[in-house]
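# Observations on the three-dimensional arrangement
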Amino acid sequence: MVSGIGVKGIGNYGEYGMGIDVSAYGDVYSFGILLLEMFTGKRPTDEMFKDNLNLREFSKMAFPDKLVETIDPILLQQGEARDTIPSNATNHSHSHIGMSKVQECLMSILRIGIACSEESPRGRLEISEVLAKLQTIKSTLSDSGEK
């Protein structure tokens, strides 16, 4: 059993820091928190998270009506600066996707982060479900860029 492990600068992080046994459920939880961190631009250790408010609850409370407001503004600004973003950097396509499609996909990613970080391990998505959902998002973005 792994318990009480902290990463320097992060402290006790995720379930493993709370004494929970190492498992695929814990990995899914950590992945969910990582997604929320990456797409909100906030860390679980931010000053704003006190009492019962944490990164997951912050994202969940905003879902779905205000979820776009929780997305890291840098992600949205990059798209707005160009009004579109490249649809698929790997194929060097010149086609682009509008911001509404990007926002829809960002919301889907945050939805995955919330589902992965469910408090009850049995209530979380299986990693195969996470992969399938992420592939669908990728496909949606790729398909939208084709004309």
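A brief structural summary.

What counts and what doesn't
- Residues numbered from 1 in each chain as written.
- Predicted model: local features only at pLDDT ≥ 70, side-chain atom pairs only at ≥ 80, totals over all residues.
- Heavy atoms only, no water.
- Salt bridge = Lys/Arg side-chain N within 4 Å of Asp/Glu carboxyl O.
- Buried < 20%, exposed > 50% of the residue type's maximum accessible area, 1.4 Å probe, protein only.
- Helix = DSSP H or I, 4+ residues; strand = E, 2+ residues; numbered from the N terminus.
- Lys, Arg positive; Asp, Glu negative; His and termini not counted.
- Contact = heavy atoms within 4.5 Å.
- Arc of directions from axis to C-beta.
- Polar contact = N/O pair within 3.5 Å; in protein donor to acceptor, adjacent residues only side chain to side chain.

A few words on the pattern of salt bridges. According to the stated counting rule, one finds 3 salt bridges in the structure shown. Measuring nitrogen to oxygen at the nearest pair gives 3.3 Å for the salt bridge that ties Arg56 to Glu57. The class of Arg56 is buried, set by a relative accessible area of 8%. Close ionic contact of Lys101 with Glu104 constitutes a salt bridge, the shortest N to O distance being 3.9 Å. Taken together, the residues Lys101 and Glu104, both in helix H5 (residues 99–116) and 3 residues apart, mark about one turn of the helix. Classification of Glu104 as partly exposed rests on a relative accessible area of 43%. Among the ionic contacts, a cluster of salt bridges with common partners joins Arg56, Glu57 and Glu118.

This paragraph deals with the side chain of Asp72. Take Asp72: it is sitting in the loop between helix H3 (67–70) and helix H4 (73–82). It is Lys42 that comes nearest to the buried, bridge-free Asp72 among opposite-charge side chains, at 7.5 Å. Every residue in contact with Asp72, bar those within four places of it in the chain, is listed here: Phe39, Thr40 and Gly41.

Here we come to unusual backbone geometry. Positive phi, close to 55 degrees, is recorded for Asp51, a residue that is not glycine. Within the fold, Asp51 resides in the loop between helix H1 (24–40) and helix H2 (55–62). Using a relative accessible area of 81% as the deciding quantity, one classes Asp51 as exposed.

Let's shift gears to H2. Along H2, the positions that sit buried rather than exposed are Leu55, Arg56, Phe58, Ser59 and Ala62. An end-on view of H2 places all buried positions within 165 degrees of arc, on one side of the element. The residue sitting at the N-terminus of H2 and contributing the capping side-chain oxygen is Asn54; that oxygen lies 3.1 Å from the backbone nitrogen of Arg56.

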